[in-house]
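# Structure assessment
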Amino acid sequence: MDGATEAITSEGEKKQAAVVRLKNVGLRGVTVADTKISHVDGENGILIYRGFRIEELARNSTFEETAYLLHHDRLPTEEELGEFKEKLIEARQVPRFVFDALKNLPKASLPMDVLQAAIPILATADGDLKDETREANMARAIRLIARVPGIVAGWQRIREGSEPVAPEAALSHAANFLWQLTGRQPDAEIARDLDTILVLHADHSFNASTFACREVVSTQAHMYTGAAAGVGALSGSLHGGANARVMKMLLELRDELDIPGWVKSQLASGRKIMGMGHAVYKTMDPRAPFLKDMCFRLGTKLHEERWCRLSTQIEEAATKEFNAQGKTTIRPNVDFYSASVYHLMGIPLDLMTPVFAVARIAGWTAHIIEEKFADAQEKPALYRPLSEYVGHYCGKTGCVYEPLGERKG
Ligand SMILES: CC(C)(COP(=O)(O)OP(=O)(O)OC[C@H]1O[C@@H](n2cnc3c(N)ncnc32)[C@H](O)[C@@H]1OP(=O)(O)O)[C@@H](O)C(=O)NCCC(=O)NCCS
(Lines give C-alpha, C1' and ligand atoms only; values in the text may rest on other atoms or scores of the structure.)
Protein backbone atom coordinates (compact mmCIF):
# COMPACT_ATOMS: atom_id res chain seq x y z
CA MET A 1 0.00 0.00 0.00
CA ASP A 2 1.29 3.44 -0.95
CA GLY A 3 2.28 5.73 1.92
CA ALA A 4 0.94 9.02 0.56
CA THR A 5 -1.79 10.17 2.96
CA GLU A 6 -4.96 11.95 1.86
CA ALA A 7 -4.67 14.99 4.10
CA ILE A 8 -1.34 16.41 2.93
CA THR A 9 -1.41 20.15 3.15
CA SER A 10 1.99 21.74 3.73
CA GLU A 11 5.10 21.48 1.59
CA GLY A 12 6.88 19.89 4.57
CA GLU A 13 4.28 17.16 4.84
CA LYS A 14 4.43 16.53 1.10
CA LYS A 15 8.20 16.20 1.36
CA GLN A 16 7.84 13.75 4.24
CA ALA A 17 5.25 11.71 2.38
CA ALA A 18 7.70 11.33 -0.52
CA VAL A 19 10.30 10.02 1.90
CA VAL A 20 7.95 7.50 3.53
CA ARG A 21 6.55 6.12 0.28
CA LEU A 22 8.71 3.01 0.57
CA LYS A 23 6.87 0.82 3.01
CA ASN A 24 5.77 -2.79 3.26
CA VAL A 25 8.81 -3.69 1.13
CA GLY A 26 11.15 -4.73 3.94
CA LEU A 27 13.11 -1.46 3.63
CA ARG A 28 14.32 -2.51 0.14
CA GLY A 29 15.90 0.49 -1.53
CA VAL A 30 15.88 2.56 1.66
CA THR A 31 19.26 3.86 2.82
CA VAL A 32 18.99 4.09 6.60
CA ALA A 33 22.54 5.10 7.60
CA ASP A 34 26.12 5.56 6.46
CA THR A 35 28.77 2.95 7.16
CA LYS A 36 32.50 2.72 6.54
CA ILE A 37 32.67 -1.01 7.24
CA SER A 38 31.48 -2.85 4.15
CA HIS A 39 29.68 -2.29 0.88
CA VAL A 40 27.60 -4.52 -1.37
CA ASP A 41 27.25 -3.49 -5.01
CA GLY A 42 24.39 -5.78 -5.92
CA GLU A 43 24.24 -4.84 -9.60
CA ASN A 44 27.87 -5.72 -10.23
CA GLY A 45 28.30 -8.52 -7.68
CA ILE A 46 30.95 -6.70 -5.68
CA LEU A 47 31.51 -6.95 -1.91
CA ILE A 48 34.15 -4.87 -0.16
CA TYR A 49 35.29 -4.75 3.46
CA ARG A 50 36.89 -1.38 4.31
CA GLY A 51 37.78 -0.88 0.64
CA PHE A 52 39.16 -4.37 -0.03
CA ARG A 53 37.45 -6.72 -2.48
CA ILE A 54 36.22 -9.93 -0.87
CA GLU A 55 38.06 -11.98 -3.50
CA GLU A 56 41.37 -10.43 -2.44
CA LEU A 57 40.69 -11.11 1.25
CA ALA A 58 39.43 -14.66 0.64
CA ARG A 59 42.62 -15.47 -1.28
CA ASN A 60 45.14 -13.76 0.98
CA SER A 61 43.76 -12.90 4.40
CA THR A 62 42.85 -14.85 7.54
CA PHE A 63 39.81 -14.49 9.76
CA GLU A 64 41.88 -12.83 12.48
CA GLU A 65 43.31 -10.26 10.06
CA THR A 66 39.88 -9.64 8.51
CA ALA A 67 38.33 -9.13 11.96
CA TYR A 68 41.08 -6.59 12.69
CA LEU A 69 40.38 -4.85 9.37
CA LEU A 70 36.64 -4.64 10.06
CA HIS A 71 37.35 -3.12 13.45
CA HIS A 72 40.24 -0.81 12.64
CA ASP A 73 39.59 0.60 9.18
CA ARG A 74 42.95 -0.65 7.87
CA LEU A 75 45.02 -3.80 7.63
CA PRO A 76 47.27 -4.45 10.64
CA THR A 77 51.04 -4.45 10.65
CA GLU A 78 52.65 -7.78 11.57
CA GLU A 79 53.07 -6.61 15.16
CA GLU A 80 49.50 -5.33 15.44
CA LEU A 81 48.14 -8.59 14.06
CA GLY A 82 50.27 -10.56 16.52
CA GLU A 83 48.88 -8.54 19.44
CA PHE A 84 45.30 -8.87 18.17
CA LYS A 85 45.67 -12.65 17.82
CA GLU A 86 47.11 -12.85 21.34
CA LYS A 87 44.11 -11.01 22.74
CA LEU A 88 41.72 -13.35 20.91
CA ILE A 89 43.56 -16.42 22.19
CA GLU A 90 43.60 -15.09 25.78
CA ALA A 91 39.84 -14.46 25.62
CA ARG A 92 38.90 -17.87 24.14
CA GLN A 93 38.00 -19.69 27.34
CA VAL A 94 34.22 -19.53 27.87
CA PRO A 95 33.50 -19.02 31.61
CA ARG A 96 32.56 -22.26 33.34
CA PHE A 97 29.21 -20.90 34.58
CA VAL A 98 28.08 -20.32 30.99
CA PHE A 99 28.55 -24.03 30.24
CA ASP A 100 26.93 -24.91 33.60
CA ALA A 101 23.86 -22.92 32.54
CA LEU A 102 23.79 -24.61 29.12
CA LYS A 103 23.98 -28.05 30.77
CA ASN A 104 20.53 -27.37 32.28
CA LEU A 105 18.90 -26.87 28.88
CA PRO A 106 17.01 -29.67 27.08
CA LYS A 107 19.42 -31.47 24.73
CA ALA A 108 16.98 -30.95 21.85
CA SER A 109 17.29 -27.15 22.10
CA LEU A 110 18.10 -25.51 18.79
CA PRO A 111 21.78 -24.45 18.71
CA MET A 112 20.87 -20.94 17.52
CA ASP A 113 18.52 -20.57 20.51
CA VAL A 114 21.27 -21.81 22.81
CA LEU A 115 23.75 -19.33 21.33
CA GLN A 116 21.25 -16.49 21.60
CA ALA A 117 20.60 -17.42 25.25
CA ALA A 118 24.32 -17.78 26.06
CA ILE A 119 25.35 -14.29 24.93
CA PRO A 120 23.56 -12.38 27.74
CA ILE A 121 24.96 -14.94 30.21
CA LEU A 122 28.39 -14.08 28.84
CA ALA A 123 27.56 -10.43 29.54
CA THR A 124 27.32 -11.17 33.23
CA ALA A 125 31.05 -12.01 33.23
CA ASP A 126 31.89 -8.67 31.68
CA GLY A 127 32.54 -6.63 34.82
CA ASP A 128 31.41 -3.05 34.31
CA LEU A 129 28.77 -3.05 31.62
CA LYS A 130 28.15 0.64 32.26
CA ASP A 131 31.62 1.40 30.95
CA GLU A 132 30.74 2.49 27.43
CA THR A 133 34.16 3.77 26.40
CA ARG A 134 35.54 2.71 23.02
CA GLU A 135 38.22 0.64 24.79
CA ALA A 136 35.64 -1.23 26.87
CA ASN A 137 33.56 -1.93 23.76
CA MET A 138 36.60 -3.14 21.81
CA ALA A 139 37.49 -5.49 24.69
CA ARG A 140 33.88 -6.79 24.60
CA ALA A 141 34.12 -7.29 20.84
CA ILE A 142 37.28 -9.36 21.28
CA ARG A 143 35.64 -11.46 23.98
CA LEU A 144 32.60 -12.09 21.78
CA ILE A 145 34.62 -12.94 18.66
CA ALA A 146 36.83 -15.25 20.74
CA ARG A 147 34.05 -16.99 22.70
CA VAL A 148 31.17 -17.47 20.26
CA PRO A 149 33.02 -20.42 18.61
CA GLY A 150 33.60 -21.98 22.05
CA ILE A 151 29.90 -21.68 22.90
CA VAL A 152 28.81 -23.27 19.61
CA ALA A 153 31.36 -26.09 19.96
CA GLY A 154 30.66 -26.45 23.70
CA TRP A 155 26.93 -26.90 23.11
CA GLN A 156 27.63 -29.63 20.55
CA ARG A 157 29.72 -31.47 23.16
CA ILE A 158 27.15 -30.93 25.93
CA ARG A 159 24.24 -32.21 23.86
CA GLU A 160 26.33 -35.26 22.88
CA GLY A 161 26.79 -35.93 26.60
CA SER A 162 30.49 -35.02 26.75
CA GLU A 163 32.44 -32.14 28.27
CA PRO A 164 33.37 -28.97 26.34
CA VAL A 165 36.94 -29.12 25.02
CA ALA A 166 39.40 -26.51 26.34
CA PRO A 167 40.77 -24.15 23.65
CA GLU A 168 44.22 -24.77 22.21
CA ALA A 169 46.39 -21.65 22.08
CA ALA A 170 48.66 -22.94 19.31
CA LEU A 171 45.76 -23.22 16.83
CA SER A 172 44.31 -20.51 14.57
CA HIS A 173 40.80 -19.25 15.27
CA ALA A 174 39.28 -21.58 12.64
CA ALA A 175 41.39 -24.62 13.56
CA ASN A 176 40.66 -24.11 17.26
CA PHE A 177 36.93 -24.11 16.55
CA LEU A 178 37.21 -27.49 14.81
CA TRP A 179 39.35 -28.75 17.71
CA GLN A 180 36.80 -27.62 20.30
CA LEU A 181 33.99 -29.12 18.22
CA THR A 182 35.51 -32.59 17.82
CA GLY A 183 38.37 -32.92 20.32
CA ARG A 184 40.58 -34.00 17.41
CA GLN A 185 43.45 -32.19 15.69
CA PRO A 186 41.85 -30.75 12.56
CA ASP A 187 43.05 -31.51 9.05
CA ALA A 188 45.18 -28.51 7.96
CA GLU A 189 43.44 -28.09 4.60
CA ILE A 190 39.97 -28.23 6.16
CA ALA A 191 41.00 -25.71 8.83
CA ARG A 192 42.33 -23.37 6.13
CA ASP A 193 39.08 -23.75 4.16
CA LEU A 194 37.04 -22.96 7.25
CA ASP A 195 39.22 -19.90 7.79
CA THR A 196 38.36 -18.72 4.25
CA ILE A 197 34.67 -19.38 4.92
CA LEU A 198 34.88 -17.21 8.05
CA VAL A 199 36.46 -14.42 5.98
CA LEU A 200 33.69 -14.71 3.37
CA HIS A 201 30.93 -14.53 6.00
CA ALA A 202 32.47 -11.94 8.33
CA ASP A 203 30.40 -8.98 7.16
CA HIS A 204 27.78 -7.92 4.63
CA SER A 205 26.70 -4.29 5.12
CA PHE A 206 23.17 -3.75 6.47
CA ASN A 207 21.85 -7.30 6.23
CA ALA A 208 18.93 -8.24 8.51
CA SER A 209 21.02 -9.42 11.46
CA THR A 210 23.50 -6.52 11.34
CA PHE A 211 20.62 -4.07 11.17
CA ALA A 212 19.07 -5.84 14.18
CA CYS A 213 22.35 -5.38 16.12
CA ARG A 214 22.59 -1.72 15.16
CA GLU A 215 18.94 -1.00 15.90
CA VAL A 216 19.20 -2.51 19.38
CA VAL A 217 22.38 -0.65 20.38
CA SER A 218 21.03 2.62 18.97
CA THR A 219 18.98 2.65 22.20
CA GLN A 220 22.36 2.68 24.04
CA ALA A 221 21.84 -0.89 25.18
CA HIS A 222 25.15 -2.72 25.63
CA MET A 223 26.98 -4.73 22.98
CA TYR A 224 25.81 -8.16 24.16
CA THR A 225 22.13 -7.23 23.71
CA GLY A 226 22.88 -6.21 20.12
CA ALA A 227 24.84 -9.39 19.41
CA ALA A 228 22.03 -11.55 20.83
CA ALA A 229 19.55 -9.76 18.55
CA GLY A 230 21.86 -10.47 15.62
CA VAL A 231 21.84 -14.18 16.43
CA GLY A 232 18.03 -14.16 16.57
CA ALA A 233 17.74 -12.46 13.18
CA LEU A 234 20.35 -14.74 11.62
CA SER A 235 18.45 -17.86 12.66
CA GLY A 236 15.62 -17.24 10.16
CA SER A 237 15.45 -19.36 7.01
CA LEU A 238 15.48 -16.32 4.73
CA HIS A 239 18.81 -15.23 6.27
CA GLY A 240 21.47 -17.44 7.91
CA GLY A 241 19.09 -20.35 8.34
CA ALA A 242 19.17 -20.89 4.57
CA ASN A 243 22.40 -22.98 4.63
CA ALA A 244 20.80 -25.70 6.76
CA ARG A 245 17.69 -25.62 4.54
CA VAL A 246 19.93 -26.09 1.48
CA MET A 247 21.55 -29.15 3.05
CA LYS A 248 18.14 -30.54 3.98
CA MET A 249 17.09 -30.10 0.35
CA LEU A 250 20.23 -31.90 -0.87
CA LEU A 251 19.70 -34.79 1.55
CA GLU A 252 16.09 -35.13 0.42
CA LEU A 253 17.17 -35.11 -3.24
CA ARG A 254 20.11 -37.52 -2.89
CA ASP A 255 18.28 -40.26 -4.87
CA GLU A 256 16.23 -37.99 -7.13
CA LEU A 257 16.82 -38.82 -10.80
CA ASP A 258 14.78 -35.99 -12.32
CA ILE A 259 16.23 -32.76 -10.90
CA PRO A 260 14.78 -30.50 -13.64
CA GLY A 261 11.35 -32.03 -12.97
CA TRP A 262 11.70 -31.48 -9.23
CA VAL A 263 12.77 -27.85 -9.75
CA LYS A 264 9.79 -27.26 -12.06
CA SER A 265 7.27 -28.68 -9.59
CA GLN A 266 8.90 -26.84 -6.68
CA LEU A 267 8.54 -23.50 -8.45
CA ALA A 268 5.09 -24.31 -9.86
CA SER A 269 3.81 -24.89 -6.32
CA GLY A 270 5.25 -21.52 -5.18
CA ARG A 271 8.05 -23.04 -3.10
CA LYS A 272 11.55 -21.60 -3.03
CA ILE A 273 14.84 -23.09 -4.09
CA MET A 274 16.88 -22.48 -0.97
CA GLY A 275 20.29 -20.87 -1.42
CA MET A 276 19.26 -19.01 -4.55
CA GLY A 277 18.36 -15.35 -4.90
CA HIS A 278 19.41 -12.39 -2.88
CA ALA A 279 17.81 -9.21 -1.62
CA VAL A 280 20.71 -7.09 -2.92
CA TYR A 281 22.75 -9.11 -5.46
CA LYS A 282 21.15 -9.07 -8.85
CA THR A 283 23.95 -11.15 -10.28
CA MET A 284 26.26 -13.85 -8.87
CA ASP A 285 27.07 -13.44 -5.18
CA PRO A 286 30.89 -12.96 -5.30
CA ARG A 287 31.31 -15.38 -2.36
CA ALA A 288 29.54 -18.27 -4.10
CA PRO A 289 32.31 -19.19 -6.62
CA PHE A 290 34.83 -19.63 -3.76
CA LEU A 291 32.48 -22.00 -2.01
CA LYS A 292 31.71 -23.88 -5.23
CA ASP A 293 35.43 -24.42 -5.89
CA MET A 294 36.00 -25.43 -2.27
CA CYS A 295 33.07 -27.84 -2.47
CA PHE A 296 34.52 -29.65 -5.47
CA ARG A 297 38.07 -29.67 -4.06
CA LEU A 298 37.00 -30.98 -0.65
CA GLY A 299 34.54 -33.37 -2.30
CA THR A 300 37.35 -34.87 -4.37
CA LYS A 301 39.65 -35.10 -1.36
CA LEU A 302 36.97 -36.87 0.71
CA HIS A 303 35.53 -38.92 -2.23
CA GLU A 304 32.16 -37.22 -1.72
CA GLU A 305 31.66 -35.16 -4.89
CA ARG A 306 27.97 -36.01 -5.08
CA TRP A 307 26.78 -33.03 -3.03
CA CYS A 308 28.54 -30.51 -5.26
CA ARG A 309 27.40 -32.32 -8.39
CA LEU A 310 23.80 -32.35 -7.10
CA SER A 311 24.04 -28.65 -6.21
CA THR A 312 25.29 -27.85 -9.70
CA GLN A 313 22.42 -29.81 -11.24
CA ILE A 314 19.92 -27.85 -9.13
CA GLU A 315 21.66 -24.56 -9.96
CA GLU A 316 21.53 -25.26 -13.70
CA ALA A 317 17.91 -26.45 -13.72
CA ALA A 318 16.74 -23.58 -11.51
CA THR A 319 18.62 -20.94 -13.50
CA LYS A 320 16.98 -22.24 -16.68
CA GLU A 321 13.52 -22.08 -15.08
CA PHE A 322 14.08 -18.64 -13.57
CA ASN A 323 15.34 -17.33 -16.92
CA ALA A 324 12.28 -18.75 -18.65
CA GLN A 325 10.12 -16.85 -16.15
CA GLY A 326 12.04 -13.63 -16.84
CA LYS A 327 13.62 -13.77 -13.34
CA THR A 328 17.15 -13.46 -14.62
CA THR A 329 18.69 -12.14 -11.41
CA ILE A 330 18.22 -15.20 -9.18
CA ARG A 331 21.60 -16.89 -8.81
CA PRO A 332 23.28 -18.97 -6.06
CA ASN A 333 24.00 -17.02 -2.91
CA VAL A 334 26.59 -17.65 -0.18
CA ASP A 335 24.50 -20.42 1.37
CA PHE A 336 24.07 -22.55 -1.75
CA TYR A 337 27.50 -24.19 -1.78
CA SER A 338 28.50 -23.49 1.83
CA ALA A 339 25.92 -26.07 2.93
CA SER A 340 27.77 -28.91 1.12
CA VAL A 341 31.13 -27.60 2.32
CA TYR A 342 29.98 -27.65 5.96
CA HIS A 343 28.56 -31.13 5.45
CA LEU A 344 31.88 -32.31 4.02
CA MET A 345 33.63 -30.78 7.04
CA GLY A 346 31.43 -32.89 9.31
CA ILE A 347 29.46 -29.95 10.67
CA PRO A 348 25.97 -31.13 11.69
CA LEU A 349 23.00 -29.62 9.86
CA ASP A 350 21.78 -27.51 12.76
CA LEU A 351 25.28 -26.13 13.48
CA MET A 352 25.61 -24.64 9.99
CA THR A 353 23.85 -21.40 10.90
CA PRO A 354 25.77 -21.11 14.22
CA VAL A 355 29.01 -21.40 12.17
CA PHE A 356 27.75 -18.44 10.13
CA ALA A 357 27.43 -16.60 13.47
CA VAL A 358 31.01 -17.59 14.40
CA ALA A 359 32.10 -15.51 11.40
CA ARG A 360 29.51 -12.73 11.46
CA ILE A 361 30.18 -11.83 15.09
CA ALA A 362 33.24 -9.96 13.74
CA GLY A 363 31.05 -7.78 11.53
CA TRP A 364 28.27 -7.39 14.09
CA THR A 365 30.64 -6.10 16.76
CA ALA A 366 32.29 -3.70 14.30
CA HIS A 367 28.88 -2.34 13.32
CA ILE A 368 27.80 -2.06 16.95
CA ILE A 369 30.85 0.08 17.72
CA GLU A 370 30.32 2.20 14.59
CA GLU A 371 26.70 2.73 15.63
CA LYS A 372 27.50 3.54 19.26
CA PHE A 373 30.21 6.05 18.40
CA ALA A 374 28.58 7.43 15.24
CA ASP A 375 31.84 6.77 13.39
CA ALA A 376 30.20 7.22 10.00
CA GLN A 377 27.73 9.97 10.83
CA GLU A 378 27.52 13.24 12.69
CA LYS A 379 26.02 11.94 15.93
CA PRO A 380 24.31 8.79 17.23
CA ALA A 381 20.63 8.47 16.31
CA LEU A 382 18.01 6.21 17.84
CA TYR A 383 16.24 4.23 15.10
CA ARG A 384 12.57 5.10 15.27
CA PRO A 385 10.76 4.63 11.96
CA LEU A 386 7.09 5.43 11.43
CA SER A 387 4.26 3.11 10.58
CA GLU A 388 0.93 3.92 9.06
CA TYR A 389 -2.02 2.78 11.12
CA VAL A 390 -4.44 0.79 8.94
CA GLY A 391 -6.45 -0.82 11.77
CA HIS A 392 -9.86 0.04 13.26
CA TYR A 393 -10.45 3.74 13.66
CA CYS A 394 -13.45 5.36 15.37
CA GLY A 395 -12.23 8.93 15.17
CA LYS A 396 -10.11 10.92 17.61
CA THR A 397 -12.28 10.01 20.62
CA GLY A 398 -11.58 6.31 20.09
CA CYS A 399 -13.99 3.35 19.92
CA VAL A 400 -16.65 2.93 22.62
CA TYR A 401 -15.45 0.50 25.31
CA GLU A 402 -18.32 -1.88 26.14
CA PRO A 403 -18.14 -3.64 29.52
CA LEU A 404 -17.23 -7.32 29.13
CA GLY A 405 -20.69 -8.69 29.98
CA GLU A 406 -22.41 -6.44 27.42
CA ARG A 407 -20.36 -7.39 24.37
CA LYS A 408 -22.14 -9.31 21.61
CA GLY A 409 -18.91 -10.47 19.90
C1 LIG B 1 16.87 -14.01 -0.34
C2 LIG B 1 15.47 -13.67 -0.82
C3 LIG B 1 14.55 -13.56 0.40
C4 LIG B 1 15.45 -12.36 -1.56
O5 LIG B 1 14.12 -12.12 -1.86
P6 LIG B 1 13.64 -10.89 -2.72
O7 LIG B 1 14.38 -9.69 -2.35
O8 LIG B 1 12.15 -10.83 -2.64
O9 LIG B 1 14.09 -11.35 -4.13
P10 LIG B 1 13.61 -10.87 -5.50
O11 LIG B 1 12.92 -9.55 -5.43
O12 LIG B 1 14.81 -11.01 -6.35
O13 LIG B 1 12.49 -11.96 -5.91
C14 LIG B 1 11.78 -11.78 -7.07
C15 LIG B 1 10.90 -12.96 -7.34
O16 LIG B 1 11.69 -14.13 -7.40
C17 LIG B 1 11.24 -15.10 -6.48
N18 LIG B 1 12.38 -15.76 -5.86
C19 LIG B 1 13.47 -15.19 -5.29
N20 LIG B 1 14.29 -16.12 -4.83
C21 LIG B 1 13.71 -17.32 -5.09
C22 LIG B 1 14.06 -18.65 -4.82
N23 LIG B 1 15.20 -18.93 -4.18
N24 LIG B 1 13.25 -19.63 -5.23
C25 LIG B 1 12.09 -19.35 -5.88
N26 LIG B 1 11.68 -18.10 -6.14
C27 LIG B 1 12.48 -17.10 -5.76
C28 LIG B 1 10.49 -14.30 -5.44
O29 LIG B 1 9.53 -15.12 -4.78
C30 LIG B 1 9.85 -13.24 -6.30
O31 LIG B 1 8.76 -13.85 -6.99
P32 LIG B 1 7.42 -13.02 -7.36
O33 LIG B 1 7.89 -11.76 -8.03
O34 LIG B 1 6.69 -13.95 -8.26
O35 LIG B 1 6.75 -12.77 -6.04
C36 LIG B 1 14.94 -14.77 -1.76
O37 LIG B 1 15.73 -14.82 -2.91
C38 LIG B 1 14.85 -16.12 -1.10
O39 LIG B 1 13.90 -16.38 -0.36
N40 LIG B 1 15.84 -17.00 -1.35
C41 LIG B 1 15.86 -18.29 -0.72
C42 LIG B 1 16.35 -18.17 0.72
C43 LIG B 1 17.83 -17.91 0.80
O44 LIG B 1 18.63 -18.55 0.14
N45 LIG B 1 18.19 -16.98 1.68
C46 LIG B 1 19.60 -16.64 1.93
C47 LIG B 1 19.91 -15.28 1.45
S48 LIG B 1 21.65 -14.95 1.57
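See the structure shown above.
About the criteria used
Residues numbered from 1 in each chain as written. Predicted model: local features only at pLDDT ≥ 70, side-chain atom pairs only at ≥ 80, totals over all residues. Heavy atoms only, no water. Patch = residues over 30% accessible without salt bridge, like charges linked within 9 Å, V, L, I, M, F, W, Y side chains within 5 Å. Areas by Shrake-Rupley, 256 points an atom, 1.4 Å probe, with all protein chains shown as cover. Salt bridge = Lys/Arg side-chain N within 4 Å of Asp/Glu carboxyl O. Helix = DSSP H or I, 4+ residues; strand = E, 2+ residues; numbered from the N terminus. Buried < 20%, exposed > 50% of the residue type's maximum accessible area, 1.4 Å probe, protein only. Arc of directions from axis to C-beta. Contact = heavy atoms within 4.5 Å. Phe/Tyr/Trp six-rings, centres within 6.5 Å; stacked < 30°, edge-to-face > 60°. Lys NZ or Arg CZ within 6 Å of the ring centre and 35° of its normal. Near = heavy atom within 4 Å. Polar contact = N/O pair within 3.5 Å; in protein donor to acceptor, adjacent residues only side chain to side chain. 1 Å grid on protein atoms, 1.4 Å probe; cavity = no way out; pocket = protein on both sides within 12 Å on 5 of 7 lines; lining within 4 Å. Sits in = over half its atoms within 2 Å of the grid points. Pairing = 2+ DSSP bridges. Points joined across faces, edges and corners; volume = space filled by probe spheres on them. Nonpolar A, V, L, I, M, F, W, Y, C, P; charged D, E, K, R; others polar.

## What to know about a nonpolar patch on the surface
The grouping of Leu-22, Val-25, Leu-27, Val-30 and Val-32 at the surface amounts to a nonpolar patch, some 350 Å² of accessible area in total. Relative to the helices and strands, Val-32 is located in the loop between α1 (11-19) and β1 (38-41). We classify Val-32 as partly exposed; its relative accessible area is 34%.

## A short note on the pattern of salt bridges
A side chain of one charge can pair with a side chain of the opposite charge if their charged atoms are brought near each other. Considering all chains together, one arrives at 24 salt bridges under this definition. Across the pair Arg-53 and Glu-55 runs a salt bridge, and its minimum N-O distance is 3.2 Å. Glu-371 is paired through a salt bridge with Arg-214; the nearest N and O atoms lie 2.6 Å apart. Separated by 157 residues along the polypeptide, Glu-371 in helix α17 (residues 352-372) and Arg-214 in helix α10 (residues 208-217) bring together distant segments of the chain. Residue Glu-371 is classed as buried on the basis of its relative accessible area, which comes to 3%. The exposure class of Arg-214 is buried, given its relative accessible area of 1%.

## A few points about helix α5 (residues 96-103)
Turn by turn, an α-helix covers 3.6 residues, leaving residues three or four places apart pointing in a common direction. Turning to α5, its buried residues number three or more, namely Val-98, Phe-99 and Leu-102. The arc that holds every buried residue of α5, seen down its axis, measures 95°, which confines them to one face. Elements that come into contact with the buried residues of α5 comprise α6 (111-123) and α7 (134-160).

## A word on the packing of aromatic side chains
As enumerated under the stated definition, the model contains four aromatic pairs in all. Pairing Tyr-68 with Phe-84 gives two aromatic rings, centres 5.4 Å apart and planes at 90°, and the pair type is edge-to-face. Here Tyr-68 is found in helix α3 (residues 63-72), whereas its partner Phe-84 is found in helix α4 (residues 78-90), with 16 residues between them in sequence. Note on accessibility: Tyr-68 and Phe-84 belong to one class, buried. On the numbers, 5.3 Å between centres and 80° between planes, the contact of Phe-211 with Tyr-383 is edge-to-face. Of this pair, Phe-211 sits in helix α10 while Tyr-383 sits in the segment after α17; the two residues are 172 residues apart in sequence, bridging distant segments of the chain. Through a chain of ring-to-ring contacts, three or more aromatic side chains come together here, namely Phe-206, Phe-211 and Tyr-383. Above the plane of the ring of Tyr-401 lies Arg-407, whose end atom (NZ or CZ) is 5.2 Å from the centre.

## Regarding the site of the ligand
By nearness alone, 19 residues border the ligand, and Lys-272, Ile-273, Gly-275, Met-276 and Asn-333 come closest of all. Between a nitrogen atom of the ligand and a main-chain N or O atom of Met-276, the distance comes to 2.7 Å. Contact between the ligand and Asn-333: an oxygen atom at 2.9 Å from a side-chain N or O atom of the residue. In isolation the ligand offers 870 Å² of accessible surface; the protein chains occlude 69% of this area. More than half of the atoms belonging to the ligand lie within 2 Å of the grid points that define the largest pocket.

## Structural notes on helix α16 (residues 334-344)
Counting buried positions along α16 yields ten of eleven residues, so the element is predominantly enclosed. Restricting attention to buried positions, one finds in α16 the residues Val-334, Asp-335, Phe-336, Tyr-337, Ser-338, Ala-339, Ser-340, Val-341, Tyr-342 and Leu-344. Its buried side turned inward, α16 meets α9 (188-201), α12 (242-252), α14 (288-301), α15 (306-324) and α17. A side-chain oxygen of the first residue of α16 lies 2.9 Å from the backbone nitrogen of Asp-335; this N-cap is Asn-333. Of the residues one or two after α16, Gly-346 is the one with positive phi, at around 85°.

## Regarding the sheet that holds strand β3 (residues 52-53)
One open sheet accounts for three strands, arranged β1-β2-β3; its pairing is antiparallel. Taken across any chain shown, the strands that pair with only one partner, and hence form the sheet edges, are β1 and β3. Bridge count for β1 against strand β2 (residues 46-49) is four bridges, and the pairing is antiparallel. Looking at the pairing, His-39 lines up with Ile-48 of β2.

## Digging into unusual backbone geometry
The phi dihedral of Arg-50 falls on the positive side, at around 45°, and the residue is not glycine. Tracing the backbone shows Arg-50 in the loop between β2 and β3. Under the relative-accessibility criterion, Arg-50 is labelled buried at 16%.

## Quick look at the layout of surface pockets
Within this model, the largest pocket holds a volume of roughly 1,600 Å³. Contributing to the lining of the largest pocket are 48 residues, with Arg-28, Asn-207, His-278, Ala-279 and Val-280 lying nearest its centre. When residues of the lining of the largest pocket are traced back to their parent elements, those giving at least two are β1, α10, α16 and α17. Tallied by class, residues from the lining of the largest pocket come to 21 nonpolar, 19 polar and eight charged.

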